Amino acid sequence: MGETLSLVFALIAGVMLGAFFFGGLWWTVSKGIASKRTALWFFGSMLLRTGVVMLGFYFVMGDSWQRLLAALLGFVLARFIATRLARAEELLSQLAQETDHAP
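Reading the values: the criteria
- Residues numbered from 1 in each chain as written.
- Predicted model: local features only at pLDDT ≥ 70, side-chain atom pairs only at ≥ 80, totals over all residues.
- Heavy atoms only, no water.
- Helix = DSSP H or I, 4+ residues; strand = E, 2+ residues; numbered from the N terminus.
- Buried < 20%, exposed > 50% of the residue type's maximum accessible area, 1.4 Å probe, protein only.
- Phe/Tyr/Trp six-rings, centres within 6.5 Å; stacked < 30°, edge-to-face > 60°.
- Lys NZ or Arg CZ within 6 Å of the ring centre and 35° of its normal.
- Core = buried A, V, L, I, M, F, W, Y, C linked by side-chain atoms within 4.5 Å.
- Contact = heavy atoms within 4.5 Å.
- pLDDT = per-residue confidence, 0-100.

1. A few points about the overall build of the protein chain
- Along the protein chain, the regular secondary structure elements total three helices and zero strands.
- For the protein chain, the sequential pattern of α-helices and β-strands runs α-α-α.
- The proportion of buried residues among the 103 residues of the protein chain is 23%.

2. Notes on the packing of aromatic side chains
- Summed over the entire model, instances satisfying the criterion amount to six aromatic pairs.
- One cation-aromatic arrangement involves Arg-49 over Phe-21; the distance from NZ or CZ to the ring centre is 4.5 Å.
- Sitting above the plane of the Phe-80 ring, Arg-79 keeps its charged end 5.9 Å from the centroid.

3. Quick word on the nonpolar core
- Membership of the largest hydrophobic core is limited to eleven residues, which are Ala-10, Ala-13, Leu-17, Phe-21, Phe-22, Val-53, Phe-57, Val-60, Ala-70, Ala-71 and Phe-75.
- Examining the composition of this core, we find that five residues originate from one element, helix 1 (residues 2-32), more than from any other.
- Ignoring any residue separated from it by four or fewer positions in sequence, one finds Phe-57 in contact with Leu-17, Leu-68, Ala-71, Leu-72 and Phe-75.

4. Focus on the confidence of the model for the protein chain
- Within the protein chain, residue pLDDT values average 89, and 89% of them lie at 70 or more.
- Taken element by element, the predicted model of the protein chain shows its lowest mean pLDDT in helix 3 (residues 65-100) (84) and its highest in helix 2 (residues 38-61) (95).

So, in structure tokens, the structure goes:
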């Protein structure tokens, strides 16, 4: 029971790390494009996001490769969720543009 609960917490932590990583990527793209120092935004964000996620995986893993695998699975799950949300937002924006140009 304790090992299963540990794996569930690792999965949740992986989803949270993925949400931080991909949410930060979305925020960086939205702010970085309008900035005068685009490369600095993207490079700084990449370093920060990667560093936080790597440290998060290290602390979640502890001494168990199974927890690392569960956290990685949660991270990939967060990526799929972020991709779906981005597609839904893109579709809504396209629909809004189509209705704006209706006669």
